[in-house]
Structures are given as C-alpha cells and as structure tokens.
Amino acid sequence: MVAAVTPGFQSVPNWRADFERRLAYASQIFESGFKIKFKLVRYLQWKPENESIEMDDLLDQLRSTAQLKDADIVIGLSHVKASIPAENIRDLHQIGQARPFSGHLVIRYPAHKLFKVQEETVLVHELGHAFGAIHSNDSKSIMSPVVDRQIPTRFDAANEQIIMRTRMLDFQKGAESLPKNVLQALLRSYLKMIKTNESADFYYSLGIFYLQLNQPKDAIKAWKLAVAKAPKNAELRYHLGALYYRIGDVDRTIPELSRAVSGLTSPAQKPMRASALSMLGSAYYAQDNLYAAHNAWTRAAALRPNDIEIEGNLAMIRLKQGQTENAAETFQKILNKDSKNVKALSAMGSANKQQGKNEEALKYYELALAELSRQPRTAASVSQLASIYGDVGNLYIAMNRNKEGYEHLQAACDLVPSGECHRQLGAAFFQNKQWDGAVQEMAAAIQFKKDDPELYGLLGTALAQKGDSQKAIGVFREGLKHTRSTAMQSQFHRNIGNLFLSSKRYELAEPEFQLALTKDWANVENHMGLGYAQLGRGDTVTAISSFRNVLRIDPQNARATAMLKQIQESLNQNTAASYA
C-alpha cells in the first residue's frame, strides 16, 4: 500500500500514528478472514486542487495523481476545515470513498473530532468496497452504510463470499483480471443483494460483470442506472457512450460521449477526453456528418498530437471530400511507419478506387483482409472485416465481376448483420436487375431500419419489376408513412398510380396522380400519369387539360405533344363519322 497525504491531513496532530494504527486494525480483520495482509510501503505528498470538493471528484484526482505502479492500493488521506452536519455523522461515505476493483480510496476527516466508531470503521469499510463488497442491511456488519455506537468487527456472510472470490484481484487490471466463473458468482451475489437504493458504483460494477461475461445489453441497462444515480459523473457517461459505440449504436453514442466530453475537464481526465472525442468523431462520420466529425477529431488531435489513428481519421474526411491525393499521402505516411496498419491499407484501397485504379484498389483491400485474418477476432476487428468485405464487394460490382461482388457483400452481412450491409447487397442485385435477390435483401434491410423511406422505394420497385403489383403497392403505401419529403411522397403516389395504370384500373390511378400533384405540381410525370388515367376513364376533356399542363412546364415535351395530337385526330375522326 501507498498512502498519499495532503498538507491538510499532515497538520492533524499524531496523524501518522493514528493512520498506521487504523491500517493495522484493518489488516488484522482482512488477514484473519481472508488471508490478506496490508503492508504500507511509503507515503506520498498529495496536493489536490481543492480538498473540499465532492468525494467522487477528489477520488478522481487521486487516481490521476498516484497511479498503481508498484502498489496494489493507494489510500488518499485528506482533511478539511469544515464540519460534517450532525445528521450525516453516521454515514461513512461522508468521510470515505472507494471505487470497487479500482485500487484507489480516499479518507477525508473533517475539522471536528469524530466518534471513535467512525474513525476506526471508515478505513476497513472502504477497503471492503475496494475488493467488491457492497452495502449490507446487517447493522453489525462492517459493510453497513451507517454506524452508531458499536465498532463492527466482521463482514456479513454475503460480503465474506465476495471478498473470498476477489482476494487475488489484480487491481491494475481491475475486474478484467477475474476468471469467468468468479465473475458469474459475483454477478449472482450482487443480484441477490440488490436493494432499491443502490449506488452508482454498485450499478457500474454490475455492468462490468455483464460486459466481461459478453452480455453488453445487460451492461448497458446497468450503466444507464448508474448514470441515473450520478448524472454529473462524466466517467460513467464515457463508459456508457463507449459501450454504445462498441455495439455500433451511433445514435446513442453521440449524446452520451458529448456529455462526457463536457464533464471530463480535469488534467487527469485528458486521456479519457481524447478517447471520447475520437469515438465521437467516428460516430459522426458514420452518420456522414463530416463537419462534426472533423471538429471532434481535430480536438482529439490537439490532446493526442501525432496520433496515427486520428491523423488517418482526418484523412478519411479529406478523401470523402474529394481531396484524394492529399488523403493518400497521409495514408502512405502511416504505412511507412506501420506497413500492417489495416485502416490505412483499407483507406488506400478506397483512395485508389476513387481515382479509378480498381486493380490497385483491390491489391490494398486484399492486403488489409490478409492482415486482419492474422489478428485475434474481437468485436472491433470483425466490424472492420465486414466493412472491408463490403468495400471489396462494391468494387467488384463496379468492375462487372458480379459473382465475386455478391460473395463479398454476403460475407459482410454474415459477419455483421446490419441494415446497411443488406441495403448494399440489395442495391447490387437491383443494379443488375436480379429482382428476387433485391427483394430479399431490401426486405431484410427494412427489418433493421423500418423508418427508411428509400428502402421502401427500392423494395416496392423490385416487387413491381417482378410483377407483384399488389405487394408493391402495399410497400409504397408503407413508405409514405415514413417520409416527410414532399418529393418522395409524390414519387410514391406516382408509383402506385403507374401500377394501377398498368392493370387498367384507371379509377384508382387517377386519385394517386392527383395526390402526387399536390406534393409536386411541377413534375411532368405526375401530369402525364393523370392524363393517361383520365383518358382511360374516357374523360377526354380533362385529359387534354392535363397534357397541356405538361406543355406549360415543358413546351418541348414530345410525349404530351403526341398525346394531344392523337386525341385531336381521334376527335376529328369521330366528328367526321358523325357527319357521314
């Protein structure tokens, strides 16, 4: 153990002897119960910015000042001139704070003398938290959140089991150092002991267990509860936002990491702030918000100068903006430093594709895929692999090597099923008029993104091309529910009208074209369709008016001119026949 001592604490008479006596008392309890012995190796000078700040903030300052290098646990010893209100004197967390499995804890004594029960109990209580112990309803347990007159000398049975499982904990690695069976046992213990008013730290620990057990959805639920308990805790928001980012939920990533960035203001939180900005930039980039992505990555670069990943990210924006040569220069510089950098290899593939150098692009993509195949499979690498398969698939489609294109796009979907991969594969089938494949993939894409009107438009068109007009009409009507674009609303109504026209159901086609015109009167196809429907119903006069409207918009329109000429000839023939 290392003790980090503030000047304020050192001003207290007999501070060293009192602290070492309390540590010896704590060591005695832990050694008799768990074979854990505490050994103080040295004292450090600790000068926090303000000893009177919130305990969470004081603990964060300790973590950044005194890192775990040659010690398992660092104890911060602080002292303030203020007094604790009498109504709070029984609450141990007014004078002590620890993060489970973090190896850091803070003890802060107020100006007035505490009752002996608080002085003797707070250190052993917080050390219990460090090993994962949680609050107990047993008033005689060391882990009772409040104490009265009697000094607790034992842990309750449930917390004894927790500490027995965590006593070999590597504090530098935290809960990640615990075996899977221990994590599962801890999770069961926590869930069994859960109460209605648990702390943010409790839910944060619960989330760590879920995450290490590969249950990210449950981890998110736990961390959302942690954030609800401590909404101003920027580090909790960072971890929640990072988890959203990890599972690809960029819509939820952005608000959480934005709030985290706003709160991560201390010098000690600089690395975490840079990481949050880097992920935030990637989330904005995924939404094609290049301005916001550039802003986030530029701020991250200011915190992490010469960072290869951030330099590459900013070059990706330049590539997307058409600054291909400039971007390629950056990617090449990265590859000169690290020839196996997958992101740079893939980006060089995109740069060459953008310049029309398809074979060269394929070479870089294949190098990226080969390098990824040699790396351990992680969620991030699988996502990257799927992205490159998608890029290669689209490149093959552009090169008219459709079979290879479909195979790579399908591989992307198999690795990371998503609306985007199904949309890309569906678009490839659509482009090559393979309507069955287009229908199957667009329908799959809609299951991921049910509010995307463009998907409904593509699916409806593919169904229509297959000859399944009734289903196509239903899909177009569903698409109308999900778009506010008047141009797209007009197109959906026009598509439905054309399908009714093709089946000679003119009475149903006419109102669809009229609705299309209310959304886009200047579209000549709407007027043409309306004219055909009116003519089909035998309403020649209104049909003439519709075709003339086309000529008002486009005086050179050959189809409208031909239709008016045809109608006039038909009228002339009918007139001649009536006189004959």
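Please refer to the structure placed before this passage.
Residues numbered from 1 in each chain as written. Predicted model: local features only at pLDDT ≥ 70, side-chain atom pairs only at ≥ 80, totals over all residues. Heavy atoms only, no water.

## Digging into the nonpolar core
- In terms of nonpolar packing, the biggest core is built from 78 residues, with F30, F38, I75 and L127 touching the most fellow members.
- The greatest single-element share of this core, amounting to nine residues, is contributed by helix α7 (residues 200–212).
- Once residues within four sequence positions are removed from consideration, L127 is found in contact with M1, A26, F30, F38, I73 and L105.
- Counting 52 residues, the second largest nonpolar core, distinct from the first, contains A292, A328, A347 and Y396. (Core = buried A, V, L, I, M, F, W, Y, C linked by side-chain atoms within 4.5 Å. Buried < 20%, exposed > 50% of the residue type's maximum accessible area, 1.4 Å probe, protein only. Helix = DSSP H or I, 4+ residues; strand = E, 2+ residues; numbered from the N terminus. Contact = heavy atoms within 4.5 Å.)

## Regarding the state of the cysteines
- Taken as a whole, this structure holds one disulfide when the rule is applied.
- Residue pairing for C413: its cysteine sulfur links by disulfide to C421, the two sulfurs lying 2.3 Å apart. With the S-S bond torsion at 120°, the cross-link from C413 to C421 turns out right-handed. (Disulfide = S-S within 2.5 Å.)

## Quick word on the pairing of strand β3 (residues 74–79)
- By the criterion of burial, β3 is predominantly enclosed, with six of the six residues buried.
- The alternating pattern of β3 places V74, G76 and S78 on one face and I75, L77 and H79 on the opposite face, and all of these are buried.
- Relative to β3, strand β1 (residues 2–5) runs parallel, the two being bridged by four bridges. Of the residues in β3, the one forming a bridge with A3 is I75.
- With six bridges connecting them, β3 and strand β5 (residues 104–109) associate as parallel partners. Note that in β5 the partner of G76 across the bridge is V106. (Pairing = 2+ DSSP bridges.)

## Considering the environment of A283
- Here A283 lies in helix α11 (residues 270–286).
- Along the chain, A283 and Y245 lie 38 residues apart, while their C-alpha atoms are 7.3 Å from each other.

## Remarks on the packing of aromatic side chains
- Taken as a whole and judged by the stated rule, the model has 19 aromatic pairs.
- Measuring from ring centre to ring centre gives 5.7 Å for Y285 and W297, while their planes differ by 40°; the resulting arrangement is tilted. With Y285 in helix α11 and W297 in helix α12 (residues 290–303), the pair connects residues that are twelve residues apart, well separated along the chain.
- Overall, the relative accessible area of 2% leaves W297 in the buried class.
- An aromatic cluster is present here, built from F30, F34, F38, F131, F155 and F171 joined pairwise through their rings.
- The side chain of R16 reaches across the aromatic face of Y43, ending 4.6 Å from its centre. (Phe/Tyr/Trp six-rings, centres within 6.5 Å; stacked < 30°, edge-to-face > 60°. Lys NZ or Arg CZ within 6 Å of the ring centre and 35° of its normal.)

## Considering helix α24 (residues 506–519)
- If you check α24, its first and last C-alpha atoms are 20 Å apart, about what 14 residues at 1.5 Å a residue would give, namely 20 Å.
- Within α24, burial applies to A509, E510, E512, F513, A516 and L517.
- Looking at the buried side of α24, the elements it contacts are α22 (469–480), α23 (486–502) and α25 (524–536). (Expected span 1.5 Å × (residues − 1).)

## Some details on the environment of A560
- Within the secondary structure layout, A560 lies in helix α27 (residues 558–579).
- Judged by relative accessible area, which is 0%, A560 ranks as buried.
- A C-alpha to C-alpha distance of 9.0 Å links A560 and N549, two positions eleven residues apart in sequence.

## Some words on the packing of α23 against α24
- Between α23 and α24, the least distance of the axes is 8 Å, while the angle of their chain directions is 165°. Of the possible angle classes, the one that applies to α23 and α24 is roughly antiparallel. In this structure, α23 meets α24 at a crossing whose hand is left-handed. Only Y506, L508, A509, E512, F513, L515, A516 and K519 of α24 make contact with α23, whose side of the interface consists of T486, Q489, S490, H493, R494, I496, G497, N498, F500 and L501.
- Partitioning the contact of α23 with α24 into residue classes produces nine nonpolar, six polar and three charged. (Axes fitted to C-alpha atoms, helices over the stretch in contact; angles between N-to-C directions. Parallel < 35°, antiparallel > 145°, perpendicular 65-115°, else oblique. Left-handed = near helix turned anticlockwise from the far one by under 90°. Nonpolar A, V, L, I, M, F, W, Y, C, P; charged D, E, K, R; others polar.)

Everything listed is a geometric property; what it means functionally is a separate question.
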